[in-house]
Amino acid sequence: MKTRLGVLLGLLILPLTSSAASLKPGHDAVASAQPFATKAGMQVLAEGGNAFDAAVAVSAALAVVEPYSSGIGGGGFWLLHDAKTGKDVMVDGREYAPAAATATMYQDKNGNVIPGASLNGPLSAGIPGEVAALAYINRHYGKLSLAQDLAPAIKLARDGFPLDRMFHAMLQSREQKLKQWPAAWKVFYLDGQVPPSGYVLKQPNLARTLELIARHGPAAFYTGKLAEEMVNAVRANGGIWSLADLRDYQVKLRAPLSGEYRGMRIVTVSPPSSGGIVMLEALNILSGYDLAADSALMQKHLIIEAMRFAYRDRAEYLGDPDFVKMPLARLLSPYYAAGLRTAILPDRATPSSDLAPVTAEAPESRHTTSIAVMDKDGDMVGATFTVNFRFGSGFMPPHTGVILNDEMDDFVSKPGVPNGFGLVGNSANAIAPHKRPLSSMMPTFLYTKRGLAILGTPGGSRIISMVLLGTLDYFNGGDAQSIVSIPRYHMQYLPDTVFYEPGAFTKDEITGLEKMGYTLRETHPYGNMQSITWDYRTGKVRAAADPRDVGTAEVQ
Ligand code: DON
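The structure presented is a predicted model; accordingly, all values stated were derived computationally and were not measured.

Caption draft 1: A look at the overall build of the protein. Summing up its helical and strand segments, the protein has 19 helices and 18 strands in all. Here the C-alpha radius of gyration of the protein, 22 Å, is about what a compact globule of 556 residues would show, namely 24 Å. If one aligns the C-alpha atoms of the protein with their principal axes, the spans along those axes are about 65 × 60 × 45 Å. Contacts in the protein between residues at least 24 apart in sequence constitute 73% of all its contacts with a sequence separation of at least 6. Carbon and sulfur atoms provide 55% of the accessible area of the protein, an area that totals close to 19600 Å². Side chains of the protein carry 52 positive and 52 negative charges; the gap between the two charge centres is 1 Å.

Caption draft 2: Summary view of empty space enclosed by the protein. One pass over the structure, following the stated rule, counts three cavities of 30 Å³ or more. A volume near 80 Å³ is recorded for the largest cavity. Lining the largest cavity are 14 residues; nearest its centre among them are A63, P67, G71, G401 and I403. Class assignment for the residues of the lining of the largest cavity results in nine nonpolar, five polar and no charged.

Caption draft 3: Broad picture of the environment of Y189. With respect to the helices and strands, the residue Y189 is situated in the loop between α8 (182-188) and β5 (200-201). Owing to a relative accessible area of 5%, Y189 belongs among the buried residues under this scheme. Each C-alpha atom, one on Y189 and one on T511, is 48 Å from the other, the two residues being 322 residues apart in sequence. Not counting the four nearest positions on each side in its chain, Y189 is found in contact with L171, R174, E175, L178, V194 and P195. A polar contact is formed between the side chain of Y189 and the backbone oxygen of L171, at a distance of 2.7 Å.

Caption draft 4: Region of interest: the side chain of D320. Its place among the elements puts D320 in the loop between α14 (296-317) and α15 (328-331). Of the side chains with opposite charge, R254 comes closest to the buried, unpaired D320, at an N-O distance of 4.1 Å. A polar atom in the side chain of D320 sits 2.8 Å from the backbone nitrogen of D322. Other than its neighbours up to four places away in sequence, D320 contacts R254, P272, M326, A428, H434, K435 and R436.

Caption draft 5: Structural context of the sheet that holds strand β14 (residues 498-500). With mixed pairing, the three strands of this open sheet are ordered in space as β13-β14-β15. In this open sheet, the two strands that pair with only one neighbour each are β13 (489-490) and β15 (520-522). Pairing analysis gives three bridges linking β14 to β15, with the strands arranged parallel. Note on β15: the bridge partner recorded for F499 is R521.

About the criteria used
- Residues numbered from 1 in each chain as written.
- Predicted model: local features only at pLDDT ≥ 70, side-chain atom pairs only at ≥ 80, totals over all residues.
- Heavy atoms only, no water.
- Helix = DSSP H or I, 4+ residues; strand = E, 2+ residues; numbered from the N terminus.
- Rg over C-alpha atoms; globule rule 2.2 N^0.38 Å.
- Contact = heavy atoms within 4.5 Å.
- Areas by Shrake-Rupley, 256 points an atom, 1.4 Å probe, with all protein chains shown as cover.
- Lys, Arg positive; Asp, Glu negative; His and termini not counted.
- Charge placed at Lys NZ, Arg CZ, Asp CG, Glu CD.
- 1 Å grid on protein atoms, 1.4 Å probe; cavity = no way out; pocket = protein on both sides within 12 Å on 5 of 7 lines; lining within 4 Å.
- Points joined across faces, edges and corners; volume = space filled by probe spheres on them.
- Nonpolar A, V, L, I, M, F, W, Y, C, P; charged D, E, K, R; others polar.
- Buried < 20%, exposed > 50% of the residue type's maximum accessible area, 1.4 Å probe, protein only.
- Polar contact = N/O pair within 3.5 Å; in protein donor to acceptor, adjacent residues only side chain to side chain.
- Salt bridge = Lys/Arg side-chain N within 4 Å of Asp/Glu carboxyl O.
- Pairing = 2+ DSSP bridges.

Below, the structure written as structure tokens:
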């Protein structure tokens with residue numbers, strides 16, 4: 001249990017910078033949510049590319065083989081570690097709102113949020129960032145040309161690939177949505193039917209779009225004929241994009257967040273992702289306890305309480321750092337965490353209703369994607385990127401093959417009204433021209449004396465609790481396989497309910513937690529985590545894809 005000494009020890013341990021600069025892993029490794037994308041990364045590595053080339057290849061391939069999760073009509077965050085300089089960089093390729101967007105654009109005349117308006121069709125689409133991010137990474141960090149990095153994706157789009165059970169299930173679940181948008185419908189449905197598993201899906205328009213980008217660079221996407229086609233189609237279907245929105249889009253290079261938990265250094269993404277702040281706040285709370293000395297029940301109680309307090313601050317304070325002032329230093333201060341610890345009782349759940357209400361129910365579903373890549377020299381990429389909900393907005397500008405995102409739903413359409421993930425917020429995350437919506441996506445690097453880990457996952461607001469549990473697993477001696485496999489549980493302040501996968505709690509723990517006052521709800525398995533770990537002592541590089549899904553990991 002917590003002691004004053006525990007608090008002090010937590011603060012006194014200095015951050016480690018143990019990237020083992022002189023060591024090299026000597027292996028290439030890729031983990032992604034789809035076997036063809038993992039292979040694309042390994043192929044580019046075998047051709048002499050580095051981890052950055054491979055990350056571009058995997059990301060682009062996922063746009064083809066997993067378009068329900070991510071794509072060049074979407075965006076995300078790529079966290080890079082450059083072994084040569086030892087530097088970590090965050091490439092923010094998050095979408096931004098079109099210039100014509102307004103804070104109340106999804107409300108009707110009476111100020112009511114129009115159901116689905118921020119989720120369906122081109123009005124729900126932000127200006128995509130993925131092409132700019134991939135081109136940036138290739139240009140500044142890669143060894144191969146953009147055309148070489150995109151080649152596997154182009155081949156997969158042109159020649160096709162057999163649909164797996166996940167793709168099949170996604171098409172089944174999205175039939176009604178995609179039926180509204182003829183270009184997408186034609187690409188993904190065979191004579192108006194969900195094609196069977198094993199059907200070879202070809203996407204010639206997407207192949208052409210990727211070829212244009214490969215040949216002419218990102219300008220082929222953000223300006224010229226393709227941009228005109230996208231803007232015209234968006235506007236003809238109720239959207240508000242302009243050519244200037246596309247032309248002016250830029251990736252942002254941001255300093256990643258760096259934190260420390262009992263000697264483990266954590267490097268993760270900063271706003272406009274909320275993930276890093278929330279996880280580091282939770283870890284700061286937990287670092288005041290000697291969890292290893294506590295019972296399993298007490299550990300889970302403290303971790304759930306740390307989640308509750310940290311998630312509470314998410315909706316209140318966080319948004320695009322270029323638009324809002326955030327009290328980040330306070331949220332990440334060990335003294336702030338120490339104050340929160342005093343509110344955590346050793347034997348009782350804190351009712352969330354005792355705290356100011358900020359969030360509501362957060363349904364989880366599978367879309368969005370994470371990758372982990374490492375090369376022989378120790379360059380690393382962790383990335384999470386998305387079109388938001390399954391197949392994004394569902395809208396595909398004709399002839400482009402590009403599914404547009406529905407990322408605008410990550411903004412607050414109206415204070416207090418939950419978005420598709422049940423998250424609410426306030427003006428910090430209100431819609432404004434060229435502002436980036438608040439995200440939970442958080443690719444993360446962990447550095448300890450023992451070695452290092454790359455991890456990340458989709459899962460909406462549950463991303464943060466999943467990465468937190470993976471981080472604690474690594475701290476406790478886990479490797480890539482256990483990080484992606486361990487049963488998960490989640491608390492996000494409101495609803496005041498702990499969601500858990502089968503196996504996350506023993507029978508006794510369930511009884512114990514209920515006695516403390518927790519409301520527990522078992523859910524189906526969730527998340528799709530990818531991870532790579534490297535053990536400095538044994539030299540072992542392990543890569544693992546989440547066993548809950550169809551992804552694969554390879555080490556060479
Ligand atoms: O940026 C975000 O937080 C969301 N657009 C991510 C969506 C997601 O993870 C969906 N996954 N199941």
